[in-house]
Structure formats: C-alpha cells, structure tokens
Amino acid sequence: MKTRITLIIAALLLATNFGFAQQDEECMLNLTLMNDYVKTKKFDDAYEPWMKVRNKCPKFNIALYKYGEKILDHKIKNSSGAEKVAYIEDYMVLLDAAIEYFPSKYKLGEILEDKGILKYENKKDLNLNNMDIYNAFDEAYTKDLPNFTSTKGLYVYFTKTVDLFKSGDFDLQRVFNKYDEVNEQLENLNEKYAKSLNKIIAKEESGQTLGKKDKQYKKYYQAKLEANGKIAGSLDTYLGQLADCENLIPLYQKDFDKYRSDAVWLKRAVSRMYNKECTDDPLYIQLVQAYDATAPSSDTKYFVASELYKQGKNSEGDKYIKEAYDLETDTFKKARLAKRIANGFKKRGSYGTARKYYREALKLNPSDGTPHLRIAEMYAKSAKNCGADNFSKRAVFWYAAQEALKAGQVDPSLKSTASKTAASYRANAPTKAEIFTKGNAGETITIGCWIGGSVKVPNL
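Keep in mind that this is a model prediction, so the values were computed, not measured. (Residues numbered from 1 in each chain as written. Predicted model: local features only at pLDDT ≥ 70, side-chain atom pairs only at ≥ 80, totals over all residues. Heavy atoms only, no water.)

Asks: I'm lost on the nonpolar core in this one. Help?
Replies: Nonpolar side chains in soluble globular proteins tend to end up buried together. Tyr252, Met273 and Leu287 are the most contacted members of the largest nonpolar core, which totals 98 residues. Of all hydrophobic cores here, the second largest spans 33 residues; its members include Ile62, Ala63, Ile71 and Leu126. (Core = buried A, V, L, I, M, F, W, Y, C linked by side-chain atoms within 4.5 Å. Buried < 20%, exposed > 50% of the residue type's maximum accessible area, 1.4 Å probe, protein only.)

Here's what the structure looks like:
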C-alpha cells in the first residue's frame, strides 16, 4: 500500500490518551508487544497481540491501524489461496475501521484509493475484472477527489478507462474526458506540492537551517513531483494513437455544435488539438474562436497567439502572448505558461526573450529546474556567435555548463541529467593545452552578444 508520511514516532503513539479503553492493562500490554514486534519487523509475532487489542479496544490507539497495515501487508505477501483472500478482505475491514475510529487522521479519498490499489494488486486472487477496478477508483474520484492523491491509483484509474474502451464498454469521449480529469488532478496536486516545496526552499535560501520535519517534507514533495511527472508521460503513452488527429477531428466535429458554448469542453478540445498538432484543420480555428468568445482568459489568448504565429503574424502573436501572460494570476499556472512562452521564443531563435520568460518561470516556481537546462542549451547553441576569437567563443560552453548544473541543484530529479549535460558542454570548451597556450588560467572572460555575463577560466 502507499507510504504515508508519519511524523509520530512509536513513543508518541504509545503516549496517546487511552481514555477510550479506560486504561485497559491487557490492551496496553498487547499494544506494547505489537509495537516491539513491528519495530523489529517480526510481523508474524505481532499478529496475535495486534488482533487481541484490535478486537477488544478498537479505539485504543492509531498505531492499531498504522501498524496493522504493515502486518497485513506482510501476511498477504506470504500467503496464498483462501488464506490470502481472507487477509485481503480483512485489510478492507481495517481501512473502514480506521476512518470510523480516527476520522481526523484518515480521509475518505485516502481509504478508497487504498482499497482500489489493494484490489488492483490482488485482482486475480479476488477474481476481479477491469470494470471492478475502474469502479473502485471511480468511487475515490467521485466521492473525495481532493484526497485521491495516489500516483499509482490515478494511473491505474486512467488505464482501466482505456482498457474498457478497447473492450467496448466505454466510448472514446469518455476516455478523453478521463484523461483530462486525471491530468488536471495531477496538475492540481503538483501545484500544491510545488508551493509547499517552494516555501521550504525559500527558507533555505534565506539562510535558515531546516529542521527534521522540513527536511522530511522536502524529500516527500520532491518525490511526489518526480513521480507525478513520470506518470503524466505514461498516460500519454498508454493513450497512444487513440488521441491522434484521425480520431480527434471527427469526434470534435460531431460534438462542436452541442458544446460550442461549453468553456471546459472547448478548453480540452483546443488543448488536445494543439498538443497533437492537429492545428492545420479548419476545425481548430473554429474551436479557438469559440473558446475565446465563450470564456476569454489567459488560455484563450495563448491559443489565439499560437494561431497567429502559425500564420506568420509574429508581432500580433506577441501582443496576445503578453496579454495571456498578464492575465494569468495563479502563480503555478503562470510559471507553466512562462515556460511554454519561452519554448516558443526559443524555437523562433529569439533567445533573449526566451531567457526572460524562463527566468520568470524560475522566479515563480524555483523548485523546477528545467528552465536552467533550456537556458544552457541556448547558450551552447550561441557559442559560435558570442566571442571575438575561437577561445572566447568556446568559453561560452563553460558558462552553459554552469547554468545546466543549476537545474540539478534546485531539482534533484534532474541531477543526473544536469551533470551529463554540463559534462557534454565542458567537453566543447577550451582544453588545458589551449588554456596554457593562451596564458589566461584563472582570469575572468566577459561574454558578449545577447548572453552577457562572465566566466572564469579554470586553473591548470
């Protein structure tokens, strides 16, 4: 089952108020035994005292449920047949009891997603089909979406939608709707994690020493952002050719009149057509116009700008792009938009403007290191045009390497990529022999053209 952040150590768990059990000595003894066995990973030995206190004093302590999950996980992994099924079913009962007796510690969405994962991982033993698994996660989605946060659960939820389309149970529109809904949930979660992570990063940057709790949460938020990023790509892979232009265009043509004033439908249709490069079809322009007329926003201005760029009307497009950026008020969404705008300018070769927007993205979301990699890439591509001689031109690669390394410093998931990228840039920089010949080891070189800045020549 999913790993929860538990900042309450065993001693604190045992010190919890035992009023519900009127200080029952037997329950206290068995709880202590259970705790000692679980701490040493003797789950089979922990099972008996755990069951005794669970049956007699179900409200005694939250450790009954936190540790009970570990005990039953062990039992399920080490059993088979009817015995295994019995443990799985008991796990479901345990989860229901957890939220019943400790509602402030458990959320409905969390319980339902745990049940869904349990069913998915043991579907053969439980004789469950794709619809059963889908319904388990759909319950979490419909009843408590804010607390449906499991990366694995969201992934399985979507993939089962695709599987049910392939078996003829769902239509294609339902698949697309679910794709959008799951992606929106991932984006919402990422926004939440990034904002919390950025607060911790701000503490570090101000010179504060992080406490144990902040360090734990920093690691947790970084792991969740990395996992969600990987899953987002996996959703696209699983969707595959279902979302190509051959399927999208007739589907949206069929439904356009019905939804031409539905801002949510139009936003999703325009986004998918844009991302799948179906923008040459006349339907795309109709969708963009309808979207902008129905709900003018940062999104609509961005798509209008994209269409103008495609027509070669760059100056008009730039006006809409600025309008799109200025209209966005949500910090996290504005950071994403800044990256998208920067990518567009980078593709056009407008590196100075692209860097401006990449740096805006870094200010808005400092835990995302990808803008550093994109800026470094532009530096490297400009090396041949930024210097008075071959040495100074190739010195730009040192500058690019420095920028690339920043990506790994702010975003641990990019550490390996940043390191490899920086190494590739340094390989193109002047060699030690060239530095010796030039006689400028340790000196600072000013970099010209649009890059600006300076870089120190390595000492020999």
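Asks: Any chance you could explain helix α5 (residues 81-101) here in plain terms?
Replies: At 3.6 residues per turn, the α-helix brings residues three or four places apart onto the same side. Helix length check: α5 (21 residues) gives 31 Å between terminal C-alpha atoms against 30 Å at 1.5 Å per residue, within 8%. Within the span of α5, buried status applies to Lys84, Val85, Tyr87, Ile88, Asp90, Tyr91, Met92, Leu94, Leu95, Ala97 and Ala98. Summarising the contacts, the buried residues of α5 are in contact with α3 (43-56), α4 (63-77), α6 (108-121) and α7 (123-126). (Helix = DSSP H or I, 4+ residues; strand = E, 2+ residues; numbered from the N terminus. Expected span 1.5 Å × (residues − 1). Contact = heavy atoms within 4.5 Å.)

Asks: Is there a simple way to think about the confidence of the model for the chain in this case?
Replies: Do not read the fine detail of predicted coordinates wherever pLDDT is low. For the chain, per-residue confidence averages 91 on the pLDDT scale, and 95% of positions sit at 70 or higher. With pLDDT under 50 throughout, residues 1-22 is counted as low confidence; its partners more than four residues away or in other chains account for 45 contacts. (pLDDT = per-residue confidence, 0-100.)

Asks: Would you take a moment to explain the pattern of salt bridges for this structure?
Replies: As a working rule, side chains carrying opposite charge can pair if their charged atoms are close by. The full count for this structure, using the stated rule, is 35 salt bridges. Across the pair Lys218 and Glu204 runs a salt bridge, and its minimum N-O distance is 2.9 Å. Here Lys218 is found in helix α11 (residues 212-239), whereas its partner Glu204 is found in helix α10 (residues 172-205), with 14 residues between them in sequence. The class for Glu204 is partly exposed, based on a relative accessible area of 35%. Among the salt bridges present, the one from Arg260 reaches Asp257, with a minimum N-O distance of 2.9 Å. Taking relative accessible area as the criterion, Arg260 reaches 40% and is therefore assigned partly exposed. Among the charged side chains, a network of salt bridges with common partners joins Asp180, Glu184, Arg268 and Arg272. (Salt bridge = Lys/Arg side-chain N within 4 Å of Asp/Glu carboxyl O.)

Asks: Got a minute to help me understand the state of the cysteines in this structure?
Replies: Inspection of the entire model under this criterion finds three disulfides. The side chain of Cys386 participates in a disulfide bridge whose partner is Cys449; the two sulfur atoms lie 1.7 Å from each other. Every disulfide takes its handedness from the sign of the S-S torsion; for Cys386 and Cys449 that torsion is 95°, giving right-handed. Of this pair, Cys386 sits in the loop between α19 (370-382) and α20 (390-410) while Cys449 sits in the loop between β1 (444-446) and β2 (454-456); the two residues are 63 residues apart in sequence, bridging distant segments of the chain. (Disulfide = S-S within 2.5 Å.)

Asks: Mind showing me how you'd approach the environment of Arg340 here?
Replies: Relative to the helices and strands, Arg340 is located in helix α17 (residues 331-348). Overall, Arg340 belongs to the partly exposed group, its relative accessible area being 32%. Through-space distance from the C-alpha of Arg340 to that of Tyr357 is 8.8 Å; in sequence the pair is 17 residues apart. Once residues lying within four places of it in the same chain are set aside, the contact partners of Arg340 are Tyr274, Tyr302 and Phe303.

Asks: Could you clarify how one ought to interpret the packing of aromatic side chains in this entry?
Replies: By convention here, two paired aromatic rings are described through the distance between centres and the angle between planes. Under the defined criterion, the tally for this structure stands at 26 aromatic pairs. Between the aromatic rings of Tyr134 and Phe170, the centroid separation amounts to 5.0 Å while the plane-to-plane angle is 70°, which identifies the pairing as edge-to-face. Of this pair, Tyr134 sits in helix α8 (residues 130-144) while Phe170 sits in the loop between α9 (151-166) and α10, and the two are 36 residues apart along the sequence. For Tyr134, a relative accessible area of 2% translates into the label buried. The exposure class of Phe170 is buried, given its relative accessible area of 8%. Members of the aromatic cluster, each reached through a chain of ring pairs, are Tyr134, Phe137, Tyr141, Phe148, Tyr157 and Phe170. The ring of Tyr141 has Lys178 lying over it, and the distance from NZ or CZ to the ring centre is 4.4 Å. Directly above the ring of Tyr325 sits Lys334, whose terminal nitrogen or CZ lies 4.0 Å from the centroid. (Phe/Tyr/Trp six-rings, centres within 6.5 Å; stacked < 30°, edge-to-face > 60°. Lys NZ or Arg CZ within 6 Å of the ring centre and 35° of its normal.)

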